[in-house]
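Per-entry structural report
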2 protein chains.
Amino acid sequence: MPAATPETVQRFVEAWGAMGSLWGINRSVARVHALLMATEEPLALEEIAERLQISKGNASMSLRELRTFGVVRQVEVAGERRDFYVTEPDVWLMFFRILKERKRREFDPALEAIHALVDAPGATGAVRGRLEQMADLLTTVEGVVNRFLQDPQSSRSALAFIAGMPFGRRQNGKG
Amino acid sequence: MPAATPETVQRFVEAWGAMGSLWGINRSVARVHALLMATEEPLALEEIAERLQISKGNASMSLRELRTFGVVRQVEVAGERRDFYVTEPDVWLMFFRILKERKRREFDPALEAIHALVDAPGATGAVRGRLEQMADLLTTVEGVVNRFLQDPQSSRSALAFIAGMPFGRRQNGKG
DNA sequence: TCGTGCGTTCAGAATATTGAGAACGATCGT
DNA sequence: ACGATCGTTCTCAATATTCTGAACGCACGA
């Protein structure tokens, strides 16, 4: 059973499920993940399905996805034939894996297309200017994201560092 | 007419349309935006619809959304009765507006639910530990995002600064 | 080797999202 | 004041996504 009151767990499960769309995983997957995070002992597939009111099939697919993301793991339970699942302690990892994939599929092609457009002969005046500017911006973003993706470990502490960084409150002269 | 070859513009429009899902705007809206970015002179609604092969209705709604995001503006064209549209130079702004909204709707409730869960009496051992850890992480993320959202201007230069930051390659001792 | 329990897969149902196009209302020139 | 032009809104159709549940296959015990 969960470590807190059922209602609080329930609320967390739903909120997490809704947030899934932020990083592009679907509601069921996120809800399964949330339930495992909120539960101490390993859960069997069927219990997960029952608790979340989803079909066994759906639960199975969701668990598979979570395993490929590396955020859920199967464990053996003595005297049990069924598979049991627990969450990995590092959620961070999931964000990385997903971010990486989305970047590859959605961001990279767009950046490439912009570059093609900027480099194209015939790109003139204002259009060229703003596209160049945008290409620069996206390239910067890409650089930052790549750094983060390269090394989950240190990016985490980098994040904490950035959180403490003094930008945004003092005058910031040059653009 | 666009500032570059039609094919390159086309490619950009499609790539940008596909990338839309990354920040949560739909394909049509993103494509309209892309077309305006790639076009020097103001475009009338009907021409946009024709170029993108979408209905006038859809174009109208898309333009409205882009205007509320503040990335597209209506302009008057001498001797024309129709409305014409141009893109604002600052794309950055759009990301901010959208990010802000999604944070409010998706992220904040989840963070709140986690806190409730951690604070709940009855939260025990391992579960409590990992939820606390996650709450910390998300709170840090929230802090960073809030900073960015607060001030588009300086966050932009902060981004450039971060891009040049030397994390990730040297040993990074503590947590 | 057969029967049972279990997990996975997959076709198609249910649902959510997106888009088309008709209907409408506003504005402008005459 | 009337017709023509244009933009917006809204209903319903098309499409994409998500989910269910039946069918299947595997492993184990008898």
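On a predicted model such as this, the values are computed, not experimentally measured, just so you know.

What counts as what
The numbering scheme is per chain: residues are counted from 1 as the chain's sequence reads. Throughout, the order in which chains and ligands are written sets their labels, letters from A for the former and numbers from 1 for the latter. With pLDDT at 70 or above as the cut-off, local features in this predicted model cover only qualifying residues; side-chain atom pairs require 80 or more to be listed or tallied, and sums for whole chains, interfaces and linings still use all residues. Each side-chain value is derived from all of the structure's non-hydrogen atoms; neither hydrogens nor water enter the calculation. Within 6.5 Å between ring centres, the rings of Phe, Tyr and Trp (the latter by its six-membered ring) count as paired, and their orientation is classed by plane angle as stacked under 30 degrees, edge-to-face over 60, tilted in between. Helix and strand labels come from DSSP, where a helix needs a run of H or I of at least four residues and a strand needs a run of E of at least two; each type is numbered from the N terminus. Under the scheme applied here, a residue whose accessible area is under 20% of the maximum for its type counts as buried, over 50% as exposed, and between as partly exposed, the area being computed with a 1.4 Å probe on protein chains only. Boundaries of every domain are those given by an automatic assignment or by a domain database. By the convention used here, residues are in contact when the closest approach between their heavy atoms is within 4.5 Å. Once two parts are joined, some of their accessible surface, as seen by a 1.4 Å probe, is lost; buried area is that loss totalled over both. Criterion for a salt bridge: a side-chain nitrogen of Lys or Arg within 4 Å of a carboxyl oxygen of Asp or Glu. Definition of a polar contact: a pair of N or O atoms within 3.5 Å, with one able to donate and the other able to accept a hydrogen when the atoms are protein atoms, and with sequence-neighbouring residues admitted only if both atoms are side-chain atoms. What sets the superposition is a least-squares fit of C-alpha atoms, and only residues with pLDDT of at least 70 in both copies go into it. Only buried residues count toward a nonpolar core. Its members are Ala, Val, Leu, Ile, Met, Phe, Trp, Tyr and Cys residues joined through side-chain atoms within 4.5 Å. Pairing between strands requires that DSSP locate at least two bridges from one strand to the other. Neighbouring residues are identified by heavy atoms, a residue being near a molecule or strand if any of them is within 4 Å of it. Amino acids outside the nonpolar list (Ala, Val, Leu, Ile, Met, Phe, Trp, Tyr, Cys, Pro) and the charged list (Asp, Glu, Lys, Arg) are all regarded as polar, and Gly is one of them.

Here we come to the packing of aromatic side chains. Residues and elements named next belong to chain A. Scanning all chains against the criterion turns up 10 aromatic pairs over all chains. Ring geometry for Phe 12 versus Trp 16: centroids 5.7 Å apart, planes at 40 degrees, classification tilted. Here Phe 12 pairs with Trp 16, and both are found in helix H1 (residues 6-23), just 4 residues apart, close to one helical turn. Trp 16 matches Phe 12 in its accessibility class, with the two residues each being buried. With 5.2 Å between their ring centres and 65 degrees between their planes, Trp 92 and Phe 96 make a pair best called edge-to-face. Here the residue Trp 92 and the residue Phe 96 both occupy positions in helix H5 (residues 92-119), the gap between them amounting to 4 residues, near one helical turn. Each of the two residues, Trp 92 as well as Phe 96, counts as buried.

Turning next to the domain arrangement of chain A. Residues and elements named next belong to chain A. Partitioning chain A into domains gives domain 1 (6-87) and domain 2 (92-163). In this complex, domain 1 contributes 10 residues to the contact, which on the side of domain 2 involves 6 residues. Together domain 1 and domain 2 conceal approximately 670 Å² of surface at their shared face, both sides included; 73% is due to carbon and sulfur atoms. Looking only at domain 1, the three residues that lose the most surface to domain 2 are Trp 23, Phe 69 and Val 71, adding up to 64% of its buried area. The interface formed by domain 1 and domain 2 includes 0 salt bridges. At the junction of domain 1 and domain 2, the tally comes to 1 residue pair in polar contact (both at pLDDT 80 or more).

Between chain B and chain A, the superposition needs a rotation of 180 degrees and an axial shift of 0.0 Å, giving an RMSD of 0.1 Å. When the rotation and shift are considered jointly, the pair of chain copies conforms to a two-fold rotation axis. In this assembly, 100% of the residues forming the interface of chain B have copies in chain A that are likewise at the interface, indicating an isologous arrangement.

Counting 108 residues, the largest nonpolar core has Phe 12 and Trp 16 of chain A together with Phe 12 and Trp 16 of chain B as the members making the most contacts within it. Every residue in contact with Phe 12 of chain B, bar those within four places of it in the chain, is listed here: Ala 113, Ile 114, Leu 117, Leu 131 and Met 134 of chain A together with Ala 34, Met 37 and Ala 38 of chain B.

Residues and elements named next belong to chain B. What you see with strand S3 (residues 84-87) is no split at all: Phe 84 and Val 86 on one side and Tyr 85 and Thr 87 on the other are buried throughout. Of the strand pairs in this sheet, strand S1 (residues 43-44) and S3 are connected by 2 bridges, and their pairing is antiparallel. Residue Leu 43 lies in a different strand from S3, and its bridge partner there is Tyr 85. Here strand S2 (residues 72-75) pairs with S3 via 4 bridges, running antiparallel. The residue bridging Val 72 from the neighbouring strand is Thr 87, located in S3.

A few words now on the protein's contact with DNA strand D. In the neighbourhood of DNA strand D, 17 residues make up the surrounding shell, with Ser 28 and Ser 55 of chain A together with Ser 60, Arg 64 and Arg 81 of chain B lying closest. Near the protein, within 4 Å, the atoms of DNA strand D are sugar or phosphate in 64% of cases. Contact between DNA strand D and Asn 58 of chain A: a phosphate oxygen at 3.1 Å from a side-chain N or O atom of the residue. Between a phosphate oxygen of DNA strand D and a side-chain N or O atom of Arg 64 of chain B, the distance comes to 2.7 Å.

Residues in contact with DNA strand C amount to 17 residues; listed here are only the nearest, Ser 60 and Arg 64 of chain A together with Ser 28, Ser 55 and Arg 81 of chain B. For DNA strand C, the fraction of atoms within 4 Å of the protein that belong to sugar or phosphate moieties is 68%. Here a base nitrogen of DNA strand C sits 3.3 Å away from a polar atom, N or O, in the side chain of Lys 56 of chain A. Between DNA strand C and the protein, one listed contact pairs a phosphate oxygen with a side-chain N or O atom of Ser 60 of chain A at 2.8 Å. Of all elements in the fold, only helix H4 (56-68) of chain A together with helix H4 (56-68) of chain B reach the threshold of two or more residues within the surface near DNA strand C. Class assignment for the residues of the surface near DNA strand C results in 2 nonpolar, 8 polar and 7 charged.

Of the residues lining the interface, 70 residues belong to chain B; the matching set on chain A comes to 70 residues. A salt bridge links Glu 112 of chain A to Arg 11 of chain B, with the nearest nitrogen and oxygen atoms 3.8 Å apart. The interface formed by chain B and chain A contains 12 residue pairs in polar contact (both at pLDDT 80 or more). Going through the elements one at a time, helix H1 (6-23), helix H2 (27-37), helix H5 (92-119), helix H6 (125-150) and helix H7 (152-163) of chain B are the ones with two or more residues in the side of chain B that touches chain A. Here the element with the most residues in the side of chain B that touches chain A is H6 of chain B; it accounts for 14 residues. A breakdown of the residues in the side of chain B that touches chain A according to their chemical character gives 43 nonpolar, 16 polar and 11 charged.

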